[in-house]
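Given next are the chains, with one letter for each unit.
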Amino acid sequence: MKLLMHMCCAPCSTYPLQLLRSKDIEITGLFYNPNIHPIDEYEMRLNTVKQFSKLVNLDVKYIDDYMEDKWLNYKGLEYDRCRMCYSIRFEKVAKYAFENGYDAFTTTLLVSPYQKHDLIKELCEMYSKKYNILFYYEDFRDGFREGQKIAKELKLYRQKYCGCIISYNERNNK
Ligand code: SF4
């Protein structure tokens, strides 16, 4: 199976990559996370994915399309920001997978116990139908700690907040 794996960041990619490779799945990564705030943090995460891809010999595609202005002007931001944030990413990933001849897509967001797992699954299934491309679902959360350990061993940068400006402010207000 040719699988396109959306990568939210390098540390969250470690365990899913290890598990999927053990199943002989052919994996290509895709970095598309356009609302990480601030831009320095965005670049840090993108560069860490580049560093990781070299270390583990993973082919990664990049959609380097920073969209913070659009994000900040979105009216429903306070209420359903994660739905919007996931939707923007998964729609792009599903469409990219379909247009570029992959058999399926998945996302490393499924590894994190801090993410809205059921919402991620629901939205991926929705875009799977819309773009007629299989969604490869796996609950990677059992491997979250192991993945963080691998990230530490590889000396990867590990961020302290989810990504958007609201999660950034929440972290700073703690
Ligand atoms: S908290 Fe995380 S998933 Fe939710 S909107 Fe912010 S970056 Fe996206």
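Everything below is about the structure shown above.
Notes on the structure in this doc start here. Because the structure is a prediction, the values reported are computed rather than measured.

About the cut-offs
Residues numbered from 1 in each chain as written. Predicted model: local features only at pLDDT ≥ 70, side-chain atom pairs only at ≥ 80, totals over all residues. Heavy atoms only, no water. Buried < 20%, exposed > 50% of the residue type's maximum accessible area, 1.4 Å probe, protein only. Helix = DSSP H or I, 4+ residues; strand = E, 2+ residues; numbered from the N terminus. Pairing = 2+ DSSP bridges. Right-handed = clockwise from strand over helix to strand, strands pointing away. Patch = residues over 30% accessible without salt bridge, like charges linked within 9 Å, V, L, I, M, F, W, Y side chains within 5 Å. Areas by Shrake-Rupley, 256 points an atom, 1.4 Å probe, with all protein chains shown as cover. Salt bridge = Lys/Arg side-chain N within 4 Å of Asp/Glu carboxyl O. Lys, Arg positive; Asp, Glu negative; His and termini not counted. Charge placed at Lys NZ, Arg CZ, Asp CG, Glu CD. Contact = heavy atoms within 4.5 Å. Axes fitted to C-alpha atoms, helices over the stretch in contact; angles between N-to-C directions.

Another aspect to go through is the pairing of strand 2 (residues 26-31). With respect to burial, strand 2 is a largely interior element, five of its six residues being buried. Pairing analysis gives six bridges linking strand 1 (residues 2-7) to strand 2, with the strands arranged parallel. Residue pairing for strand 2: Lys 2 is matched across the bridge by Glu 26. Viewed along the sheet, the connection from strand 1 through helix 1 (residues 10-22) into strand 2 turns out right-handed. Where strand 2 lies against strand 3 (residues 60-62), three bridges are found, and the strand directions are parallel. Residue pairing for strand 3: Leu 30 is matched across the bridge by Lys 61.

Taken together, the side chains of Asp 40, Glu 43, Asp 64 and Asp 65 make up a negatively charged region of the molecular surface. As for its placement among the helices and strands, Glu 43 is situated in helix 2 (residues 39-56). For Glu 43, a relative accessible area of 42% corresponds to the partly exposed category.

The subject of this paragraph is the sheet that holds strand 1. The strand order across the open sheet formed by five strands is 3-2-1-4-5, and the pairing between neighbours is parallel. At either end of the open sheet lies a strand with only one pairing partner, and these are strand 3 and strand 5 (134-135). Relative to strand 1, helix 1 is tilted by about 170°, and along the sheet it contacts strand 1, strand 2 and strand 4 (104-107).

Outside of glycine, negative phi angles account for most residues, and trans bonds account for most peptide bonds. Looking along the chain, the bond that leaves His 37 and enters Pro 38 is cis, with omega of -10°. Turning to its location among the elements, Pro 38 is positioned in the loop between strand 2 and helix 2. A positive phi angle is found at Asp 24, which is not glycine, with a value near 60°. Locating Asp 24 in the fold gives a position in the loop between helix 1 and strand 2. A positive phi is found at Asn 132, a non-glycine position, where the angle reads about 55°. Following the sequence through the fold, Asn 132 ends up in the loop between helix 5 (117-131) and strand 5.

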